[in-house]
Amino acid sequence: MRVLVVGGGGREHALCWKLKQSPSVTELYCAPGNAGIAAIADCVAIDPSDIVELADFAENLSIGLTVVGPELPLILGLADEFQRRGLLVFGPNRAAAELEGSKAFAKDFLRRHAIPTARYHVVKSMEEATSVIKSDEVGMPLVVKADGLAAGKGVVIATSREEALTQSKKFISDRHLGSAGTRLVLEEFLEGDEVSFFALSDGNKVLPLVAAQDFKRAFDGDEGPNTGGMGCLCPATNLKAETLKTIITDIVNPTISGLAAEGRKYQGILYCGLMLTRDGPKVLEFNVRFGDPEAQAVLPRLKGDLLPLLMEVAEGRLGPHRLEWTRDPAVTVVVASGGYPGSYDNGVAIEGLGNGAVEMGDDTFVFHAGTKAVGGKIVTAGGRVLAVTALGQNLKTAIERSYRGVEKIQFEGRQFRTDIGKKALERLAGG
Ligand code: AMP
Ligand code: GLY
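Fair warning: this is a prediction, and the values are worked out from it, not measured in the lab.

### Quick notes on the site of ligand 1
- Taken together, 13 residues surround ligand 1, and among them Glu187, Glu188, Leu190, Glu194 and Glu285 come closest.
- At a separation of 3.2 Å, an oxygen atom of ligand 1 approaches a polar side-chain atom of lysine 103.
- A distance of 3.2 Å separates an oxygen atom of ligand 1 from a polar side-chain atom of lysine 216.
- Expressed as a share of its isolated accessible area of 470 Å², the protein-covered part of ligand 1 is 90%.
- Breaking the shell around ligand 1 down by element, the ones donating at least two residues are strand E7 (142–146), strand E9 (184–188) and strand E16 (280–287).
- Its residues placed into classes, the shell around ligand 1 shows six nonpolar, no polar and seven charged.

This is the structure we're talking about:
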């Protein structure tokens, strides 16, 4: 079968690498891909938001399944266009993707279905925002969130009423994020550990996958600005078996059934961003796709063929599965361009990628995120450049291997966190 992967980051490299191992995949395409993906798939120069062009391509090449990496094409209605043309696609339609496309929609949905989440208000004007922020009802800190997609820049934790007002004004009146900030969610601050949980659904049935921990801040010790993710641990070490059950019964299942009941059948992977609070797990946000860099940590642990799972989801006939995962934990370290998530240079030569294969030996894998081939050399082409994942019989070995992999790859100004997994390791050692 011919398979098309949409996207061009580390997540899509991991998806391509995993799908390439499927005996049913005869030809693999990726739009637009990157320098690493080009070694295992035919890269096609189509922008992921060019839905019609992607559908034309899939139709012309009789693509058997299209797997969508990023959220934007899903929110724009890629799945609807594909389904209209009878093309099989992995990823929810526009109505279901609103779960990520609008934070206000997601919060109201959670409230309608009594799914645990932080208390909140949706506001549409500065007057409304002011009246909420000044009321005695809300405490500090207060989380100010732009409603629409904002590439990680739409969430601010305000520690005073003044700051909350200033931030709200930036989003609503000054339009710092354009139309993404016309509505805001003003939300109670939750304390606890964060965890990302993934589950597949065909719209009715749910197949829980795993939990992972994402490291969102740019610098060691969870300092610095928010990023797309600087590292990942899988499985999450901060989750008890009991909590995992609660997440499935109280969060994942009612989300999938609630969406179905509202005529928004969810077919794809559901990414639940959760806070493990003293009162139990609560939803921080939903994403309608694999995480990045979570996919780079999750997929190397999955044994067996990924394709049939994605096909069953896309066809709405998800069977019972006993997924097999390696017991070895995975640690992913993202290597970014100097300056990320602020401004950075592109076109910096990368050394040490060896023969360009994903496997570096020693259960270590390198996934390309922002890379490009120029005149036979691989150069940087983005903020997050590479993700190095390693498996190990324990967390310590996985961490060591991952950093050994990182050290082999050099480019000017490269930036990475040196503490991925460190806290978890200390916690394990402390019992
Ligand atoms: P979101 O895009 O909604 O996941 O927010 C980005 C990050 O902001 C999350 O990963 C959390 O670290 C933080 N955050 C969001 N909402 C809250 C909240 N209600 N309480 C505490 N932290 C939050
Ligand atoms: N790593 C966070 C995300 O994929 O949204």
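### Quick word on the sheet that holds strand E5 (residues 89–90)
- Reading across the sheet, the five strands line up as E3-E2-E1-E4-E5 and stay open at both edges, with parallel pairing between neighbours. The open sheet is flanked by strand E3 (42–43) and E5, the only strands paired with a single partner.
- Bridge count between strand E4 (residues 65–68) and E5: two bridges; the pairing is parallel. Bridge pairing in E5 places valine 67 opposite phenylalanine 90.

### Remarks on the side chain of glutamine 267
- With respect to the secondary-structure elements, glutamine 267 resides in strand E15 (residues 267–277).
- Among the polar contacts listed, one links the side chain of glutamine 267 to the backbone oxygen of valine 313, at a separation of 2.9 Å.
- At 3.2 Å, the side chain of glutamine 267 forms a polar contact with the backbone oxygen of alanine 314.
- What glutamine 267 contacts, discounting residues up to four positions off in sequence, is Gln83, Gly91, Pro92, Ser201, Asp202, Gly203, Val313, Ala314, Glu315 and Gly316.

### Here's the deal with helix H2 (residues 51–60)
- Ile51, Leu54, Ala55, Phe57 and Ala58 are the residues of H2 that are buried. The arc that holds the buried residues of H2, viewed along the axis, is 160°, so those residues lie on one side.
- Tucked inside the fold, the buried residues of H2 contact strand E1 (2–7), strand E2 (27–32), E4, helix H3 (71–75) and helix H4 (78–84).
- At the exit of H2 stands serine 62, carrying a positive phi of roughly 50°.

### Quick word on the pattern of salt bridges
- The final tally for this structure, using the stated rule, is 31 salt bridges.
- We note a salt bridge from glutamate 12 to arginine 11, for which the minimum N-O separation is 2.9 Å.
- The class for glutamate 12 is buried, based on a relative accessible area of 2%.
- With a shortest N-O distance of 3.3 Å, lysine 169 and aspartate 174 are connected by a salt bridge.
- For lysine 169, a relative accessible area of 41% corresponds to the partly exposed category.
- In this structure aspartate 174 comes out as partly exposed when scored by relative accessible area, which is 37%.

### Comments concerning the site of ligand 2
- Around ligand 2 sit Asp214, Gly228, Tyr271, Asn287, Arg289, Gly291, Asp292, Pro293 and Glu294, and those are all the residues in its vicinity.
- A total of 200 Å² of accessible area belongs to ligand 2 in isolation, and the protein chains cover 90% of it.
- In the shell around ligand 2, the residues fall into two nonpolar, three polar and four charged.

### A closer look at the side chain of arginine 289
- Along the chain, the position of arginine 289 falls in the loop between E16 and helix H10 (294–298).
- The buried category is assigned to arginine 289, whose relative accessible area is 12%.
- Separated by 2.7 Å, the side chains of arginine 289 and glutamate 71 make a polar contact.
- A distance of 3.2 Å separates a polar atom in the side chain of arginine 289 from a polar atom in the side chain of glutamate 100.
- Sequence-distant contacts of arginine 289, that is, excluding residues within four places in its chain, are made with Arg11, Gly69, Pro70, Glu71, Glu100, Phe198, Tyr266, Ile269 and Tyr271.

### Some details on the packing of aromatic side chains
- If you walk through the whole model with that rule in mind, you get eight aromatic pairs.
- Arranged with centres 4.8 Å apart and planes meeting at 70°, the rings of phenylalanine 198 and tyrosine 271 form a pair that is edge-to-face. Of the two residues, phenylalanine 198 is situated in strand E10 (residues 193–202) and tyrosine 271 in strand E15; the sequence distance between them amounts to 73 residues.
- Take tyrosine 271: its relative accessible area is 3%, and that puts it in the buried class.
- Taken together, the ring pairs connect Trp17, Phe365 and Phe367 into an aromatic cluster.

### Structural notes on a nonpolar patch on the surface
- Taken together, the side chains of Leu72, Leu76 and Leu149 present a nonpolar region at the surface, about 220 Å² in accessible area.
- Mapped onto the secondary structure, leucine 76 falls in the loop between H3 and H4.

### What about unusual backbone geometry?
- Residue alanine 31 is joined to proline 32 through a cis peptide bond whose omega torsion reads 0°.
- A cis amide bond links cysteine 234 with the next residue in sequence, proline 235, at an omega value of 0°.
- Here proline 235 lies in the loop between strand E14 (231–234) and helix H9 (241–261).
- The backbone of alanine 114 sits at a positive phi, close to 55°, despite the residue not being glycine.
- Mapped onto the secondary structure, alanine 114 falls in the loop between helix H6 (103–112) and strand E6 (120–123).

Here is what the cut-offs are and how they apply
- Residues numbered from 1 in each chain as written.
- Chains lettered and ligands numbered in written order.
- Predicted model: local features only at pLDDT ≥ 70, side-chain atom pairs only at ≥ 80, totals over all residues.
- Heavy atoms only, no water.
- Near = heavy atom within 4 Å.
- Polar contact = N/O pair within 3.5 Å; in protein donor to acceptor, adjacent residues only side chain to side chain.
- Areas by Shrake-Rupley, 256 points an atom, 1.4 Å probe, with all protein chains shown as cover.
- Helix = DSSP H or I, 4+ residues; strand = E, 2+ residues; numbered from the N terminus.
- Nonpolar A, V, L, I, M, F, W, Y, C, P; charged D, E, K, R; others polar.
- Pairing = 2+ DSSP bridges.
- Contact = heavy atoms within 4.5 Å.
- Buried < 20%, exposed > 50% of the residue type's maximum accessible area, 1.4 Å probe, protein only.
- Arc of directions from axis to C-beta.
- Salt bridge = Lys/Arg side-chain N within 4 Å of Asp/Glu carboxyl O.
- Phe/Tyr/Trp six-rings, centres within 6.5 Å; stacked < 30°, edge-to-face > 60°.
- Patch = residues over 30% accessible without salt bridge, like charges linked within 9 Å, V, L, I, M, F, W, Y side chains within 5 Å.

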